[in-house]
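Spelled out, the chains give:
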There are 4 protein chains.
Amino acid sequence: MVSYTPNTGRCFMSDNIAGASPEIREVDVFPVSTGTAANCIALASLVKPWGSILCHPDSHINNDECGAPEAFTGGSKLVGVAGNDTKLDPPSLRAAVSRKAGDVHCVQPSVVSISQATESGSVYTVDEICELSSIAKSAGLRVHMDGARFSNALVHLDASPAEMTWKAGVDVLSFGLTKNGAMTVDVIISFDPTLASELAFRQKRAGQLASKMRFHTAQIEAYLADGLWLRNARHANGLAARLAAGIKSIPGPELLKEPEANILFCRLAPHVIKELLGRGYQFYHDRWASGTVRFVTSFSHAPTSVDELVEAIRSCYVTKPQSRM
Amino acid sequence: MVSYTPNTGRCFMSDNIAGASPEIREVDVFPVSTGTAANCIALASLVKPWGSILCHPDSHINNDECGAPEAFTGGSKLVGVAGNDTKLDPPSLRAAVSRKAGDVHCVQPSVVSISQATESGSVYTVDEICELSSIAKSAGLRVHMDGARFSNALVHLDASPAEMTWKAGVDVLSFGLTKNGAMTVDVIISFDPTLASELAFRQKRAGQLASKMRFHTAQIEAYLADGLWLRNARHANGLAARLAAGIKSIPGPELLKEPEANILFCRLAPHVIKELLGRGYQFYHDRWASGTVRFVTSFSHAPTSVDELVEAIRSCYVTKPQSRM
Amino acid sequence: MVSYTPNTGRCFMSDNIAGASPEIREVDVFPVSTGTAANCIALASLVKPWGSILCHPDSHINNDECGAPEAFTGGSKLVGVAGNDTKLDPPSLRAAVSRKAGDVHCVQPSVVSISQATESGSVYTVDEICELSSIAKSAGLRVHMDGARFSNALVHLDASPAEMTWKAGVDVLSFGLTKNGAMTVDVIISFDPTLASELAFRQKRAGQLASKMRFHTAQIEAYLADGLWLRNARHANGLAARLAAGIKSIPGPELLKEPEANILFCRLAPHVIKELLGRGYQFYHDRWASGTVRFVTSFSHAPTSVDELVEAIRSCYVTKPQSRM
Amino acid sequence: MVSYTPNTGRCFMSDNIAGASPEIREVDVFPVSTGTAANCIALASLVKPWGSILCHPDSHINNDECGAPEAFTGGSKLVGVAGNDTKLDPPSLRAAVSRKAGDVHCVQPSVVSISQATESGSVYTVDEICELSSIAKSAGLRVHMDGARFSNALVHLDASPAEMTWKAGVDVLSFGLTKNGAMTVDVIISFDPTLASELAFRQKRAGQLASKMRFHTAQIEAYLADGLWLRNARHANGLAARLAAGIKSIPGPELLKEPEANILFCRLAPHVIKELLGRGYQFYHDRWASGTVRFVTSFSHAPTSVDELVEAIRSCYVTKPQSRM
C-alpha cells in the first residue's frame, strides 16, 4: 500500500481496499536524519514567521525538541490546544483557529499539528482526524501530522495510509521510521505538490540533504518493500497488549488505559518501581503523577522479555517491601 | 531621581531618600521607537535562542506583539508562569526556573520577564520583585522588567526607580514613555554594563538606531527634567482612583478591584456598555468575562472627563433599559 | 503628485504630466522609524530565507546596516552585482539573475535592490531603472528601490514619482524622508497589493508599529502637502551644484564628477583636508582613495555656508602649507 | 593518533611524533548527518548574529550550502577574503579582521573559516594555518576549519591532526568522514571546552541529535580504529597523482597544477570533454574557464579506473576530431 522508488525519489500511497481498484497518489518525499528535522522542516513549509502552530500542550514538538520548531520557522509560536488523552479537542481547536485572525498585534493561527499516535500512545480514529482537519481547513489553516509512531497507529486502526493522511486532510506528514526499525532516517511526505520546491530548499538549507542519500533510501526501501514496517508495528503493538494482559493478571498494579499503540501507562507501587530499576529495567516514571509508569514496547523486543517483565512485577508485589526500621 | 544627559547618552538613577547622600548608578540607555522594540531587544540580550523566557500567560510580550520576542531572539520560547492578578506566583516561578535544566531536548529557562505595572494594572511591591528576582538569580536566570507603565507603578508605590529596578535585581528595563506623555520614544535601560555592546549592535541591527536621535532624546529630557513623568503618572493614577470612587457611588456597577495604577476593571450591565459605546466612549469589554469592562485613564484626561463618564454610567443605571418589544 | 491622507493610511501617486489627466494609483503605506527598518521590512516581503538579494557591493544595505537585511529576512544572502558609479550594470545583472536557478545547493536570486540616488550620489535615469527591472522581471525576480535620497533623484531627473517607481517596475519602495527634512519617520510604499497583509504583520513584528502613529503621519503630511519635499530636495541639490562650481573656480582641487543629487566627490590636498577638519568641518575623507573627499549638502544648509566652505578651501590652497622643519 | 570511544562520546587527538611521549588532548565530539550541518553548527557557536564570517569567496560555505550558514547563525554575514589557489591571503585577512571594528553600523569580524583542503584541492601548510590563526587571534577572532577533505590534506602534509588543528590555533573543526568512506556521518570537533554546552543545544535544536547515535558512532569508530581513514585518503591522493602523471604523458592536455589532495584540474580540448562525457565519465567542466576540467579521485576508485581514464583521454587526442561539414 506504500511503494517507494529510490531512483526517482517518488513514493506512492494507495488505498488497500480489497477488490477495488486502488486510488494511487503520487507524493513528494524528503528523507532526513531525525524526527525533529522532519517535523520542523515540514512545519516551516506551512507557517509564516508570524503564524502560529496549534498543537497539544504535551506534544513532542512543544516539549522535546529544544525549540527546534521555533528555530526552523523563523520564530513561529506554538500555541497549546487542550484535550484529553493528549489529543486535540475539537471544540478547543474550533475556538483556537480563528483567534485574533487579522489582528496585527497577534500571531495568526496557520497550521494544526496532530500527533498520530500521540505522546501518550493514544490513537486518533480516522473520523477524528477528519474532524480536526475540517475545522482547520474551514479557517484556512494547514494540517501537519507528526507520525513518529505512524505505523503503530496505522495497524491499530487497520486503516490505509491514504485514509489516515491525505484523504483525511493532512497536507504534510512526518513519517517516522526510526522508532520502528530504521537506523538513521525519517521522512517528510508532502501531499501538496506546490510545497515541493520550498521543502527541497529548506531540506538543503537545514543541513539535511545527505550527499550519500542512497544509505537513507535503502533503509526506506527495505522498510516498505515487503511490509516489514507493518509487521514491526504489529509486533510492538502486540507486545503492549501482552504486557497489559500480564499486568492485569497481577493484583496490585493498575493499568491506566488499554494501550492502543506500543505505549502503556500503569500505576505501580514505589517499592516496585525501585526494584525494577534495580534489576536494570529502564522506563519513565513519576513524571506525570506519583507512581505512574510508562512502558514502551518495540519491534526489537521478544515476547519472552515482556513475560519476564510481567513476572518481575508480579514477584515484587508478592514479596512485600521490607519495612524501614 | 533620574537625570538624563542627551549629549553623553548617559542616564543616572539615584535613590531619593531625603537627607541621605543618594546612591548614584550609571546605566546604559538605548532610545527606541516602540515598547515592542524595547522589550524584544532587551530580551534578546538576555537569552540564547535555545533559552526560554518565563512570563505571565497574560503578559503583553506573550499576547500582543505578534511574536516579536520570538523574532528578535532567534526563536526563544515564551513559557507561561501562572499567578493571580496577572502577577508571577513565586512557587510557580520556583518550579519553572529549573525545569529540565541541562536537558538538551528542552529549552532552558534563561530570563524572567516581570511587567510593572501588569497588563491588568496591578503593581508588584518592591518586596515581591525582590523575591522573584531572587528565585531567578539563584537558578542563574536574568531578570527583565517590562515597564510600559513603569511610572504609574512607581508613583503608586512611592518608591525610587533604583529600589524598583537594579536594587531589586532587575538586569534590563523597558522604560516606557509613550503611554505617559512622550510622542515616539521608549527606552531600554541596562543595569549590566557587560550588555552594552551587544545592546548597541542589536539596536542598530533591529532598525532602531535613529539617525536623528536628538528628536528622541529631546523627548526623554523633557519627560524627566523637572518631574513631568511623575506628575503625569500621578495625574493618571489619581483619575483612576477618582473613577473608582465615582463608580462605587453608583448602585449597580461593581468595581472588581481598587485600581493601583491607571487601569480599572469593573462589571457593567450589558445595556450600560452598549449605551456608553453609543455615546462615543471607547474601552475594552467582554474580553475577560461577560460584562467586564476595562477603563484606562491617561495623563491627558481631565478630571471633568472622568466625572462625565461617572455621570454617564449613573444615568444609564437610573434610566432602566427599555424592554425589547 | 503625491498625496497622503493620514486618516485612511492611503497614499496616492500620480503622474504630473501637465495638461493630461493624471494616472492615479493607490498604494500601501507603512511608516517606520528608520531607513534601515524600511529597507529590511520591504526586502523581507520580497525574498524567502533561501533567496538572494542582488545589490551593488557598495550599497547601504550591504555595508551600513549591521546585517539588518539578513536579520529581517531570516538569513537571506546579499549578492553583489558590479557596476560603475555605484550603479548596477545591466550585463552583470543579467548574468546574476539566473545564476544556479533551481539548484538546491545555492541561494536563489529573488529580488534586485536599486538605490536611487546611490550611495555615491549618482542617479539612475528612468530608462536605466526600466532596463534593470525588465531584466529582473523576465527572470521572475522582484524589484526593491532604496529611496533614502528618493527626492534628490526625483528633482534631478525632473520625473514623476510614478515614472521613477511602479511605472518602471518597482514593487516596493523605501521612501526616505529623514535625510530631506522629516524628524523620525521613513516610509515603506508597496505597489503590490498582495504584499499588504504580510508587510503589516512584518511591521508589527519588527517593533515598528508606532502606537502614536499620528506623530509619524503628521510629518509625512507636512512633508508632502505643498511640495516641501521637492523644495527641500531642489535646495540641497542646488547647493551641491553651487559647491561644485565653487570648487572648480579654485586652482588645486579636482572635482571628480558633476554632482547629480546632493553628494559631491572631489580630491583635496592632504593639508587642505587637515585644515578644514581643524576649522570644524565634518566630512568623510580618504575612505575611497587617498585625498578623496565627500561633501553632502542638506535642505538645512544655507547658500552662504556653501560659499564659506568654498572660500575656506580657496584660502587653504592660496596659503601654502608650511614645510615641516 | 586519533582515538574515539563511542561509549563516552570522547575523542582524543595526540601527536604522533615517534619516540616522544605524545601530547594527548581531550576534545568534544558531535556527530551530525552532513558536512553542511557540521559547518553551520560549528560556525554558529563562534559568531553572534551581527558578526561576520571571513572566508574565501570560492569556499563551500559561501557557495554551496544554500545559505545554511546564514540560517544557522541567525543571519551572520559571510565576507569574502581574497587569495590565490582558493586560500586566504594573509595580508587580505589582516585588513579584514579589524574592518570597522566597534562600528555599530557594520557587521563585526568574528570568525575566520579555513577550508583544509580547499575547494580546489589545494592544501595549506601547517605554517600557513598558524599564520592565519595568529592574524585572527590577535584581533580577537575565532578560527573554524572546514575539514570536509581533512584526511586528504593531512596525509599530503604528513602532519598529525594536532599539528593541523588545535596546535595551529583552530577552535572548532568540521571533521569530514563522508567524502572519505563513511556513509551518513560527519563530525564537529571542538577544541574549546567552553563551547561544549552551546554546541550540544545547537545540535539538538538543529535536528541533528540522532536517537540511534550508535549507527553514527559505529562509523566513526571503524573509520578511525586501525587507520582506515588514512589509508583511504592516501589511496585517493595517490590516484590523483597517478592521474596527473598520466595526463602529463599525453601531448595535448595541460595539467594546471600538481594535485595536492584528491582533486586535479587540467585543460582539455572541447572535443575531448565531449567524448569523455559521451563515454559516461562525470566531471565538472567549463565552470572556472572554458576547457578547464576538474577530476576528483576517491577512496573507492581502482587504479585501473584511473588508467582507463588516462587512456580514454589519450585516445581522444590521438583521434583527431572530425571536422564539422
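All values reported here derive from a predicted model rather than from experimental measurement.

The rules behind each value
- Residues numbered from 1 in each chain as written.
- Chains lettered and ligands numbered in written order.
- Predicted model: local features only at pLDDT ≥ 70, side-chain atom pairs only at ≥ 80, totals over all residues.
- Heavy atoms only, no water.
- Least-squares fit on C-alpha atoms with pLDDT ≥ 70 in both.
- Contact = heavy atoms within 4.5 Å.
- Phe/Tyr/Trp six-rings, centres within 6.5 Å; stacked < 30°, edge-to-face > 60°.
- Helix = DSSP H or I, 4+ residues; strand = E, 2+ residues; numbered from the N terminus.
- Buried < 20%, exposed > 50% of the residue type's maximum accessible area, 1.4 Å probe, protein only.
- Expected span 1.5 Å × (residues − 1).
- Arc of directions from axis to C-beta.
- Buried area = accessible area lost by both parts, 1.4 Å probe.
- Salt bridge = Lys/Arg side-chain N within 4 Å of Asp/Glu carboxyl O.
- Polar contact = N/O pair within 3.5 Å; in protein donor to acceptor, adjacent residues only side chain to side chain.
- Nonpolar A, V, L, I, M, F, W, Y, C, P; charged D, E, K, R; others polar.
- Pairing = 2+ DSSP bridges.
- Axes fitted to C-alpha atoms, helices over the stretch in contact; angles between N-to-C directions.
- Parallel < 35°, antiparallel > 145°, perpendicular 65-115°, else oblique.
- Left-handed = near helix turned anticlockwise from the far one by under 90°.
- Right-handed = clockwise from strand over helix to strand, strands pointing away.

(A) Highlighting the relation of the copies chain A and chain D. Between the two copies, chain A and chain D, the superposition gives an RMSD of 0.0 Å; the rotation angle is 180 degrees and the shift along the axis is 0.0 Å. Here the symmetry operator amounts to a two-fold rotation axis. Of the C-alpha atoms belonging to chain A, the one lying closest to the rotation axis is found on A:S33, 3.3 Å away. With an isologous cut-off of 70% or more, the 100% of interface residues of chain A that recur at the interface of chain D puts this contact in the isologous class.

(B) Quick peek at the packing of aromatic side chains. Scanning the model with the defined rule gives 32 aromatic pairs over all chains in all. Ring geometry for A:F175 and A:W229: centres 5.5 Å apart, planes at 90 degrees, overall edge-to-face. Taken together, the residues span a long stretch of sequence, with A:F175 in strand 8 (residues 172-175) and A:W229 in helix 10 (residues 228-248) at a distance of 54 residues. For A:W229, a relative accessible area of 2% translates into the label buried. An angle of 55 degrees between the planes, with centres 6.4 Å apart, marks the rings of D:Y284 and D:W288 as tilted. Take D:W288: its relative accessible area is 44%, and that puts it in the partly exposed class. Through a chain of ring-to-ring contacts, the aromatic side chains of A:F150, A:F175, A:Y223 and A:W229 assemble into a single cluster.

(C) Broad picture of helix 12 (residues 303-318) of chain C. All names here are of chain C. Under the 1.5 Å per step criterion, the end-to-end length of helix 12 is 23 Å for 16 residues, consistent within 8% with the ideal 22 Å. The complete set of buried residues in helix 12 reads V306, L309, V310, A312, I313, C316 and Y317. The arc enclosing the buried residues of helix 12, seen along the axis, measures out at 155 degrees, which places them on a common side. Helix 12 presents T304, E308 and V318 as exposed residues on the side facing more than 90 degrees away from its buried surface. Packed against the buried residues of helix 12 are helix 10 (228-248), strand 11 (263-267), helix 11 (270-278) and strand 13 (292-296).

(D) Quick look at the interface of chain A and chain D. Listed as interface residues are 30 residues of chain A and, on the opposing side, 30 residues of chain D. Where chain A abuts chain D, roughly 2200 Å² becomes buried across the two surfaces, and 59% of that area is made up of carbon and sulfur atoms. Linking chain A with chain D are zero salt bridges, by the criterion used here. Here chain A and chain D share 15 residue pairs in polar contact (both at pLDDT 80 or more) between them. If you list the elements that add at least two residues to the side of chain A that touches chain D, you get helix 1 (35-44), helix 3 (68-73), helix 8 (196-205) and helix 9 (214-225) of chain A. Counting residues per element, the side of chain A that touches chain D draws most heavily on helix 3 of chain A, at four residues. Here the side of chain A that touches chain D is built from residues that sort into 13 nonpolar, 11 polar and six charged.

(E) Highlighting the sheet that holds strand 10 (residues 254-255) of chain C. All names here are of chain C. Across the sheet, which stays open at both edges, the four strands sit in the order 10-11-13-12 with antiparallel pairing between neighbours. Each edge of the sheet is formed by a strand with only one pairing partner; in this case those strands are strand 10 and strand 12 (284-285). Both strand 11 and strand 13 contribute to a ladder of five bridges, which runs antiparallel. The residue of strand 13 that forms the bridge with C266 is V293.

(F) Fine view of the packing of helix 10 of chain A against helix 12 (residues 303-318) of chain A. All names here are of chain A. Contact geometry of helix 10 with helix 12 gives a least axis separation of 10 Å together with a crossing angle of 25 degrees. Between helix 10 and helix 12, the interaxial angle falls into the category roughly parallel. The element helix 10 and its partner helix 12 pack so that their crossing is right-handed. Two secondary-structure elements touch here, helix 10 through H235, L239, R242, L243, G246 and I247 and helix 12 through P303, V306, D307, L309, V310 and I313. Residues that form the contact of helix 10 with helix 12 fall into these classes: eight nonpolar, two polar and two charged.

(G) A look at the sheet that holds strand 12 (residues 284-285) of chain D. The strand order 10-11-13-12 (chain D) describes an open sheet built from four strands, whose pairing is antiparallel. Every other strand in the sheet has two partners, leaving strand 10 (254-255) and strand 12 of chain D as the edge strands with one partner each.

(H) Structural context of the relation of the copies chain B and chain D. Take chain B, turn it by 180 degrees, move it 0.0 Å along the axis, and it overlays chain D with an RMSD of 0.0 Å. Interface residue correspondence from chain B to chain D reaches 100%, placing this contact among same-surface, isologous pairings.

(I) Geometry of the pattern of salt bridges. In the structure shown here, the tally under the stated rule is 64 salt bridges over all chains. The salt bridge involving B:E128 is made with B:K87; its shortest N-O contact spans 3.1 Å. With a gap of 41 residues between them, B:E128 in helix 5 (residues 126-138) and B:K87 in the loop between strand 5 (77-80) and helix 4 (90-97) connect regions that are remote in the sequence. Where C:R242 meets C:D307, a salt bridge forms, and the shortest distance between an N and an O atom there is 2.8 Å. Taken as a pair, C:R242 in helix 10 and C:D307 in helix 12 lie far apart in primary sequence, 65 residues in all. Taking relative accessible area as the criterion, C:R242 reaches 39% and is therefore assigned partly exposed. Residue classification places C:D307 among the partly exposed positions, given a relative accessible area of 31%. Each member of the salt-bridge network shares a partner with another, and the members are A:K137, A:R142, A:D171 and A:D192.

(J) Here's a closer look at the pairing of strand 6 (residues 108-115) of chain A. All names here are of chain A. In terms of burial, strand 6 is largely enclosed, as eight of its eight residues are buried. When strand 4 (residues 51-55) meets strand 6, the two strands line up parallel, connected through four bridges. Note on strand 6: the bridge partner recorded for I53 is V111. Direction of pairing for strand 6 relative to strand 7 (residues 142-147): parallel, over a ladder of five bridges. The residue bridging S115 from the neighbouring strand is D146, located in strand 7. Between strand 6 and its parallel partner strand 7, the chain crosses via helix 5 (residues 126-138), and the hand of that crossover is right-handed.

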